[in-house]
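# Commentary on secondary and tertiary structure
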Amino acid sequence: MENLRKILGRRITEMRKSLKLTQADLAKEIGVSSPQIISQIEQGKREVGAWELAKFAKILRTTTNTLLDIAEPKPLPEVLWRRIPEQEEIKKADFLKHCQEYHDLERLNDIAPYENVPREKMDFNKADYQDITQLAERISRDISLGARPAAMLERALEDRYGVKVWYMYLGKDGSAASTVGTFGYAILMNSMEALWRRNYNFAHEVFHLVTWYSEKPDVLRNDEQLWQKVERFAEFFASCLLLPGDPLTLAFDKRIKKSSINYTDFIEIAREFDVSTEALLYRLLNLRRLTRKDVDRLLGDPQFRDMDRSTMSKSWWSPPELPERFVRLAFIAYKKGRITRARLARYLNTSLFDLDDLLKEYGLNDREDCKIKVRYT
DNA sequence: GAGCAATTGCCATTGAATTC
DNA sequence: GAATTCAATGGCAATTGCTC
């Protein structure tokens, strides 16, 4: 038993340090009065009670099984951040824990393996914008995104490829992240983003997933010049994916009357494609439908900016606390008897008392299920 | 078996020493 | 200087042994 105590202590130390917490921080979170107690636990000199173990698991973003497992835990998957957020380690641990839970729910529901996310092995040093355009066209065709891709993209990646999408507050200056692990592909989005920016960021992260195996994340992190280039590619990819050339030029050309076009038409097209007006204008510049002078004049015109802003508030969208698909999977696993009601509440990060209210928010009702006989051939 | 006192072991607290 | 560890001390709950 002594050995198990030491293993548990060592594991707590490792996980605490990976989250950049001190013994004093952990003592405060756990609810013990002094860091000396944490020191004793980490050295295997003090027993850990069952309720304490559960608290350690929650605070260290892991499971009691992992804390007690004799086998060495596998290294955590890399997370590719757009911009490193505050408390990166905590956010990374939360994100990866959600991804694992998501995957566990998929398995509990016997969900068959998904189609593989299209992969592109790209040499970022040699690639050019023509390659990125072709890649966006290919991905758009593979995923069958159609003429208005933004409306389809997230749903298609979730349902068809099992990409896990999670929303979290990542600060006001905007960030997002992507990762690939044993749980599959996952994207972390900033819950503070407006709809049009969100779509763009999402498409940006899709680029990182598609090219995930082109270069190791730590290589990208340590080569600033290369990273900047890849980020420009990702932005351009997002632009091409969400604003496909033919449908966009068609939408643009049909609004031209006597060689001119109204400000409201630009705004309408941007809303139609669910992107910002800036993104639209730069894409039209790229497609040679506008000149650099036109774009600068529009973006510098306060009247255009006012008209644009006045239509934004109506389109504001705030994501649900938990992904709807994740809630649905947890609920179905519960209804099938694969998880208890208490575990369902834990997955949904709520209490048993508030569980029904939370389910109702997602349009789910904990009524007794019924069966009908069907003919099966 | 119930009640009580003595014993034991674990834990929290405090202050000081050591390590990083 | 902050974080961590060590050692001493007291409190509390569980256990043990005894008496009725």
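Residues numbered from 1 in each chain as written. Chains lettered and ligands numbered in written order. Predicted model: local features only at pLDDT ≥ 70, side-chain atom pairs only at ≥ 80, totals over all residues. Heavy atoms only, no water.

Glancing now at the side chain of Thr-133. As for its placement among the helices and strands, Thr-133 is situated in helix H7 (residues 129-143). Within the structure, Thr-133 has its side chain in polar contact with the backbone oxygen of Tyr-129 (distance 2.8 Å). Residues within four places of Thr-133 in sequence aside, it is in contact with Phe-236 and Cys-240. (Helix = DSSP H or I, 4+ residues; strand = E, 2+ residues; numbered from the N terminus. Polar contact = N/O pair within 3.5 Å; in protein donor to acceptor, adjacent residues only side chain to side chain. Contact = heavy atoms within 4.5 Å.)

This part covers the nonpolar core. Ranked by size, the top nonpolar core spans 64 residues in total, and within it Leu-153, Val-163, Phe-207, Phe-237, Phe-266 and Leu-280 carry the most contacts. Per element, the largest residue contribution to this core is eleven residues, and it comes from helix H11 (residues 224-242). Both domain 2 (79-242) and domain 3 (245-315) contribute no fewer than three residues apiece to this core. Not counting residues within four places of it along the chain, the set of residues in contact with Phe-266 comprises Phe-252, Ile-261, Thr-277, Leu-280, Leu-281, Leu-284, Leu-290, Leu-298 and Phe-304. Core analysis: the second largest hydrophobic core is formed by 33 residues, Leu-96, Leu-108, Ala-186 and Leu-322 among them. (Core = buried A, V, L, I, M, F, W, Y, C linked by side-chain atoms within 4.5 Å. Buried < 20%, exposed > 50% of the residue type's maximum accessible area, 1.4 Å probe, protein only. Domains from an automatic or database assignment.)

In this section: empty space enclosed by the protein. Applying the stated criterion to the full structure yields two cavities of 30 Å³ or more. Roughly 50 Å³ of volume is contained in the largest cavity. Classifying every residue of the lining of the largest cavity by side-chain character gives five nonpolar, two polar and two charged. Taken as a whole, the second largest cavity spans an internal volume of roughly 30 Å³. Taken together, Ala-150, Leu-153, Glu-154, Asn-199, Phe-202 and Leu-242 make up the lining of the second largest cavity. Elements represented by at least two residues in the lining of the second largest cavity include exactly helix H8 (149-161) and helix H9 (195-210). It is H8 that provides the largest number of residues to the lining of the second largest cavity, a total of three residues. (1 Å grid on protein atoms, 1.4 Å probe; cavity = no way out; pocket = protein on both sides within 12 Å on 5 of 7 lines; lining within 4 Å. Points joined across faces, edges and corners; volume = space filled by probe spheres on them. Nonpolar A, V, L, I, M, F, W, Y, C, P; charged D, E, K, R; others polar.)

Our next topic: the pattern of salt bridges. One pass over the structure, following the stated rule, counts 26 salt bridges. Across the salt bridge formed by Arg-155 and Asp-159, the nearest N and O atoms sit 2.8 Å from each other. With a gap of four residues between them, Arg-155 and Asp-159 both fall in helix H8, about one helical turn apart. Exposure remark for Arg-155: the relative accessible area of 53% places this residue in the exposed category. A salt bridge links Arg-289 to Asp-253, with the shortest nitrogen-to-oxygen separation between them at 3.0 Å. Of the two residues, Arg-289 is situated in the loop between helix H14 (277-286) and helix H15 (292-299) and Asp-253 in helix H12 (residues 245-253); the sequence distance between them amounts to 36 residues. Through salt bridges that share partners, Arg-148, Arg-255, Asp-265, Glu-268 and Glu-272 make up one connected network. (Salt bridge = Lys/Arg side-chain N within 4 Å of Asp/Glu carboxyl O.)

Take it as geometry only, folks, not as evidence of what the structure does.
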